[in-house]
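For reference, the chains in residue letters:
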Amino acid sequence: MSDVLILNGRLVDPVSGIDDERDLLLRHGRVTAIEMPGGLRFAKAKDTIDAAGMVVAPGLVDVHVHLREPGQTYKESIATGTAAAAAGGFTSVVAMPNTVPVNDSVASLKWMQDAARGAVVKLFAMPAATFGSMGEEITDYHELRDAGAVGFTDDGKPVLETRVMRAALVAAAGIGVPISQHAEDTRLTGGCSMNAGPVAFRLGLRGMSVEAEAKIVERDIGLLRDIERHDGLRPHLHVQHVSTARAMDAIRKAKREGLHVTCEVAPHHFTLTDEAIGEYDTNAKMNPPLRAEADRVAMIAGLMDGTVDCIATDHAPHALFEKEQEFERAPNGITGLETALGLALRVLHKGEGMPISRVIELMSAQPAEIVSLDGRGRLSAGSFADLVVFDPAAEWSFEVKKTRSKSKNTPFDGAPMLGRVVATISEGRIVFKG
Amino acid sequence: MKKSEYAGGSLLTVADLTVDEVAAILAAAGSLETMHPVERARMLAGRRVALLFYESSTRTRTSFELAAKSLGATTTLVSDKSSSIEKGESLKDTGLTLRALGAECIILRHPNSGAPYLLAKSTGLPVLNAGDGMHEHPSQALLDARTMLTRLPGIPAGRVHAKTLEGVTVVITGDILHSRVARSNAMLLPRLGARVLLCGPVPLLPEHALGLGSGVEIERDFDKALKRAGSSGKGVVMMLRIQRERVVGLELDLADYIARYQLNEERLAACAPNALVMHPGPMIRGLEIAGEVADGPNSAIEDQVRHGLFIRMALLVRALGAGEFESVTV
């Protein structure tokens, strides 16, 4: 068995509260010992990692990725997408269901999770909240949950019909998983390709309003309240990729009220604004779009004050020919797995003074909790040996030509990063070495 | 994307032009106008220009085509109907095909904002933006500037500079939101010293329009805007068509719109009797503009079309590096 010793590192484990030097022994895919420095000097292992000067943290967890398999493997595959995840320090990813065909059945869920797909890190999935993600009839949540579903979503599309969204929240509450909602009132965003505002006006592009996002978030929060009151259930709403100050405020208030709402923010939404579109750069086109500076600042405020539960990438690979189109015709989305940690450390830790342990918590412990990943997102004896080892002081620039993803659609080519992954370990296997 | 990624001589947005470059284009248009036709026909003799039109057009297409032909260039027209574009060929591949066939410059009209950037980047050829979606129509703004320079009283002679249009108030009225002409003019004219007043109802003129730059204001009351233009002594009123083809889900009471925003004889006489009346066309008589005004003594509408020819000649000479553009940095 490929046992691994990690010596001399700074263990940062938000769940146990440890932020200090520790040595770790990994065996049979689990953490078997965590000792004070020198405590494992007689232990033997096939691989030993000298982590002096490095942070040793729980492997990162991304609750929002698009791996494009089945159906669109020219953009990405489960194997390449999870290889990119490993390079970014992620050991668990949650695949969205907008594959071709849509992942809305036990058969497709099992097919995705089959070892033959070649996932490099642990692959979880949120199947579709409704059949075909058509927003009409909810899928079989019990059956899918038993097959491993960690939540349900029609990501890319919202569940627009209030009646259907209510049914989804009630059904998911019964089995203790979240409904993850892409909050966009698509009745208000037809023909839109970026954020509404002065930049959109200048570029002559139709803009998505703040209301289009906020109204769905506000409606869904109203549904949580209504279901708690009338059905005696406690549904869990997870709001995907929050991008507007108004939606953030609604979530903050709902949390104070005690409703079970969680949310994620993507690195691009706390790093860039719609100015990054520049001269119609389709690699700065995604949905929700890059917003105004006030919204970006509100994302950071939400991350700092605890309103935001996790950072998620919304890794959305697209082929070059698809992005080499007129801005309005190019598909939405950017890759993000390999740039998330570097951006979070640069913008949140170095820029805003967020402690590293808090960055780790937002990228491991808390996302793991949202989708109830037992034994992941934490490092203690008995937990899965999912780890990332990174140099927290390394300043570097991301180079897209070195990406593990099949696609290169990122606005961060050449962008400065802080913190470099030197090793990623998934269930005791070293899956990436930097 | 940096400007340097595009071939010199491209014109994608008026924002890329320095005031000095604007002056050089206007000066070149002037000398091309007075040049003997035989001499003119030697300017681009043997050069190849492609017109790539994804949208219908009367004025701009004919104007660019005649401009190229009178300079001696060979032109070819490719339109989205009756070409492989109908079969799904991308803009990039269409551009590369035209380049392989020997096109040295592409004039592009396209319904998507920003399409000229994509074409210029993928082909490396000089691209002239002949109107892209709701974004820009740079040659129109240049020909509008030339029309003002020749028709307004008291414009200083000589090379154009940052104060040439000082004291000029230009009211642009109507469907600003969907108008690439409005954007190009609102970004160009203030840099020559003019004040631009945008006028229209909120659904057609969002407050975000103020972000176009300094020297641009919003005045929603058309009579007030006209009076400001009228009292300046050098007033211009530019009327825009409501672009039904781009209006999405907008409820507009046309009778109310006409009452508030139509330029008719009574309104012009009462508010700005000496103002120059302009319209980029196509115009809908009886809607945004009364026929009597379009045909009246203040109208410069046909001048605009005529000046367009020389502006486009100048842009082609610049794009193909064939003329006296010593002061142009490309």
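Owing to the predicted nature of the structure, the values given are computational and were not obtained by experimental measurement. (Residues numbered from 1 in each chain as written. Chains lettered and ligands numbered in written order. Predicted model: local features only at pLDDT ≥ 70, side-chain atom pairs only at ≥ 80, totals over all residues. Heavy atoms only, no water.)

### Considering the overall build of chain B
Then, in step 1: A tally of helices and strands in chain B yields twelve helices and nine strands.
Then, in step 2: Against the compact-globule benchmark of 20 Å for 330 residues, chain B has a radius of gyration of 19 Å, which places it among compact chains.
Then, in step 3: Partitioning the intrachain contacts of chain B with sequence separation of at least 6 by distance along the chain shows that 73% fall at a separation of at least 24.
Then, in step 4: Counting only carbon and sulfur atoms, one obtains 52% of the accessible surface of chain B, whose full area is about 12900 Å². (Helix = DSSP H or I, 4+ residues; strand = E, 2+ residues; numbered from the N terminus. Rg over C-alpha atoms; globule rule 2.2 N^0.38 Å. Contact = heavy atoms within 4.5 Å. Areas by Shrake-Rupley, 256 points an atom, 1.4 Å probe, with all protein chains shown as cover.)

### Focus on the packing of aromatic side chains
Then, in step 1: If you walk through the whole model with that rule in mind, you get seven aromatic pairs over all chains.
Then, in step 2: Geometrically, the ring pair formed by Tyr-280 of chain A and Phe-327 of chain A is edge-to-face, given 6.4 Å between the ring centres and 70 degrees between the ring planes. Pair noted here: Tyr-280 of chain A is in the loop between helix H8 (267-271) and helix H9 (293-305) and Phe-327 of chain A is in the loop between helix H10 (320-323) and helix H11 (340-351), with a separation of 47 residues, a long-range link.
Then, in step 3: Where Tyr-6 of chain B meets Tyr-117 of chain B, the ring centres are 5.7 Å apart and the plane angle is 70 degrees; that geometry is what we call edge-to-face. Taken together, the residues span a long stretch of sequence, with Tyr-6 of chain B in the segment before helix H1 (19-34) and Tyr-117 of chain B in helix H5 (residues 115-123) at a distance of 111 residues.
Then, in step 4: For Tyr-6 of chain B, a relative accessible area of 7% gives the class buried. (Phe/Tyr/Trp six-rings, centres within 6.5 Å; stacked < 30°, edge-to-face > 60°. Buried < 20%, exposed > 50% of the residue type's maximum accessible area, 1.4 Å probe, protein only.)

### Focus on unusual backbone geometry
Then, in step 1: Of the consecutive residues Glu-69 of chain A and Pro-70 of chain A, the connecting peptide bond is found in the cis state with omega at 10 degrees.
Then, in step 2: Summarising the element assignment, Pro-70 of chain A is placed in the loop between strand E6 (60-65) and helix H1 (78-87).
Then, in step 3: Cis geometry is adopted by the peptide bond preceding Pro-282 of chain B, which originates at Gly-281 of chain B and carries an omega value of -10 degrees.
Then, in step 4: Its place among the elements puts Pro-282 of chain B in the loop between strand E9 (276-278) and helix H11 (291-294).
Then, in step 5: Backbone geometry places His-28 of chain A, a non-glycine residue, at a positive phi of 50 degrees.
Then, in step 6: In this structure, Tyr-280 of chain A takes a positive phi of about 60 degrees despite not being glycine.

### Regarding the pattern of salt bridges
Then, in step 1: Enumeration over the complete set of coordinates arrives at 44 salt bridges over all chains.
Then, in step 2: What you see here is one network of salt bridges that share partners, running through Glu-33, Arg-146, Arg-151, Asp-303 and Arg-306 of chain B. (Salt bridge = Lys/Arg side-chain N within 4 Å of Asp/Glu carboxyl O.)

### Let's talk about the interface of chain A and chain B
Then, in step 1: Tallying the contact residues gives 17 residues for chain A and 29 residues for chain B.
Then, in step 2: Taken together, the two surfaces of chain A and chain B that pack against each other cover about 1900 Å², and 59% of this comes from carbon and sulfur.
Then, in step 3: The tally of links from chain A across to chain B stands at one salt bridge.
Then, in step 4: Residue Lys-92 of chain B pairs with Glu-324 of chain A through a salt bridge whose shortest N-O separation is 2.9 Å. (Buried area = accessible area lost by both parts, 1.4 Å probe.)

### Description of the state of the cysteines
All names here are of chain A.
Then, in step 1: Tallied over the full model, the rule gives zero disulfides over all chains.
Then, in step 2: Free of any disulfide, Cys-263 has its nearest cysteine sulfur in Cys-310, 7.4 Å distant.
Then, in step 3: Taking relative accessible area as the criterion, Cys-263 reaches 0% and is therefore assigned buried. (Disulfide = S-S within 2.5 Å.)

### So, the sheet that holds strand E10 (residues 179-181) of chain A
Residue and element names in this part refer to chain A.
Then, in step 1: Strand order in this open sheet of five strands is E9-E10-E13-E14-E15, and the pairing throughout is parallel. Only two strands of the sheet have a single neighbouring strand rather than two, namely strand E9 (152-153) and strand E15 (310-311).
Then, in step 2: Two strands pair when backbone bridges link them, and E10 and strand E13 (residues 237-239) are joined in this way by three bridges, in the parallel orientation. Counted as the bridge partner of Ser-180 is His-238 from E13. (Pairing = 2+ DSSP bridges.)

### Looking at helix H6 (residues 210-231) of chain A
Each turn of an α-helix holds 3.6 residues, which means side chains three or four residues apart point in the same direction.
All names here are of chain A.
Then, in step 1: The terminal C-alpha atoms of H6 lie 31 Å apart, and with 22 residues this matches the ideal 32 Å at 1.5 Å per residue to within 8%.
Then, in step 2: Restricting attention to buried positions, one finds in H6 the residues Ala-212, Glu-213, Ala-214, Ile-216, Val-217, Arg-219, Asp-220, Ile-221, Leu-223, Leu-224 and Ile-227.
Then, in step 3: Buried residues in H6 make contact with helix H4 (162-175), E10, E13, helix H7 (245-257) and strand E14 (261-265).
Then, in step 4: Positive backbone phi, at 65 degrees, marks Gly-232, one or two positions downstream of H6. (Expected span 1.5 Å × (residues − 1).)

### Concerning the environment of Gln-243 of chain B
Residues and elements named next belong to chain B.
Then, in step 1: Here Gln-243 is to be found in the loop between strand E8 (234-239) and helix H9 (254-261).
Then, in step 2: For the pair Gln-243 and Ile-218, spaced 25 residues apart in the sequence, the C-alpha separation amounts to 20 Å.
Then, in step 3: Not counting the four nearest positions on each side in its chain, Gln-243 is found in contact with Asp-175, His-178 and Ser-179.

### A closer look at the sheet that holds strand E4 (residues 127-132) of chain B
Residues and elements named next belong to chain B.
Then, in step 1: On the basis of which strands lie adjacent, the open sheet formed by four strands has the order E2-E1-E3-E4 and parallel pairing. A single partner strand is all that each edge strand has here, and the edge strands are strand E2 (74-79) and E4. Going across the sheet, the axis of each strand differs from the next one's by a mean of 15 degrees, ignoring polarity. (Axes fitted to C-alpha atoms, helices over the stretch in contact; angles between N-to-C directions.)

### Focus on the packing of helix H6 (residues 138-151) of chain B against helix H12 (residues 301-319) of chain B
Residue and element names in this part refer to chain B.
Then, in step 1: Interaxial distance between H6 and H12 falls to 8 Å at its minimum, and their mutual angle equals 120 degrees. In terms of orientation, H6 and H12 fall into the oblique class. Our pair here, H6 against H12, has a crossing hand that is right-handed. Of the residues in H12, those touching H6 at Ser-139, Gln-140, Leu-142, Leu-143, Asp-144, Arg-146, Thr-147, Thr-150 and Arg-151 are Asp-303, Gln-304, His-307, Gly-308, Phe-310, Ile-311, Arg-312 and Leu-315.
Then, in step 2: Looking at side-chain class alone, the contact of H6 with H12 contains five nonpolar, seven polar and five charged residues. (Parallel < 35°, antiparallel > 145°, perpendicular 65-115°, else oblique. Left-handed = near helix turned anticlockwise from the far one by under 90°. Nonpolar A, V, L, I, M, F, W, Y, C, P; charged D, E, K, R; others polar.)

### A few points about the confidence of the model for chain B
Residue and element names in this part refer to chain B.
Then, in step 1: When the pLDDT values of chain B are averaged, the result is 93; 96% of them are 70 or greater.
Then, in step 2: Contacts for the low-pLDDT stretch residues 326-330, under 50 throughout, to residues beyond four places or in other chains number nine contacts.
Then, in step 3: Reported for the predicted complex are a pTM of 0.95 and an ipTM of 0.94. (pLDDT = per-residue confidence, 0-100.)

### Focus on the side chain of Thr-189 of chain A
Residue and element names in this part refer to chain A.
Then, in step 1: With respect to the helices and strands, Thr-189 occurs in the loop between E10 and strand E11 (194-195).
Then, in step 2: You can call Thr-189 buried: its relative accessible area is 8%.
Then, in step 3: A distance of 2.6 Å separates polar atoms of two side chains, one belonging to Thr-189 and the other to Glu-184.
Then, in step 4: With residues up to four places along the chain from it excluded, the contact list for Thr-189 reads Glu-184, Met-208 and Ala-212. (Polar contact = N/O pair within 3.5 Å; in protein donor to acceptor, adjacent residues only side chain to side chain.)

### As for the pairing of strand E5 (residues 168-173) of chain B
Residue and element names in this part refer to chain B.
Then, in step 1: Summarising burial for E5: six of the six residues are buried, a large majority.
Then, in step 2: Residue alternation in E5 divides its side chains into two sets, Val-168, Val-170 and Ile-172 and Thr-169, Val-171 and Thr-173, and both sets are buried.
Then, in step 3: Relative to E8, E5 runs parallel, the two being bridged by six bridges. Within the sheet, the bridge partner assigned to Val-170 lies in E8 and is Val-236.

### So, the environment of Ala-24 of chain B
Then, in step 1: Summarising the element assignment, Ala-24 of chain B is placed in helix H1.
Then, in step 2: Separated by 294 residues in sequence, Ala-24 of chain B and Arg-318 of chain B have C-alpha atoms that sit 9.4 Å apart.

### Considering helix H12 (residues 356-370) of chain A
All names here are of chain A.
Then, in step 1: Taking 1.5 Å as the rise per residue, H12 with 15 residues should run 21 Å; its terminal C-alpha atoms sit 20 Å apart, in good agreement.
Then, in step 2: The principal kink in H12, of about 40 degrees, is found at Leu-362.
Then, in step 3: Within H12, twelve of the 15 residues are buried, which leaves it mostly tucked inside the rest of the structure.
Then, in step 4: When H12 is considered as a whole, its buried residues turn out to be Ile-356, Arg-358, Val-359, Ile-360, Leu-362, Met-363, Ser-364, Ala-365, Gln-366, Pro-367, Ala-368 and Ile-370.
Then, in step 5: Directly beyond the C-terminal end of H12, a positive phi value near 50 degrees is found at Ser-372. (Bend = angle between axes of the 7 residues up to and from the residue.)

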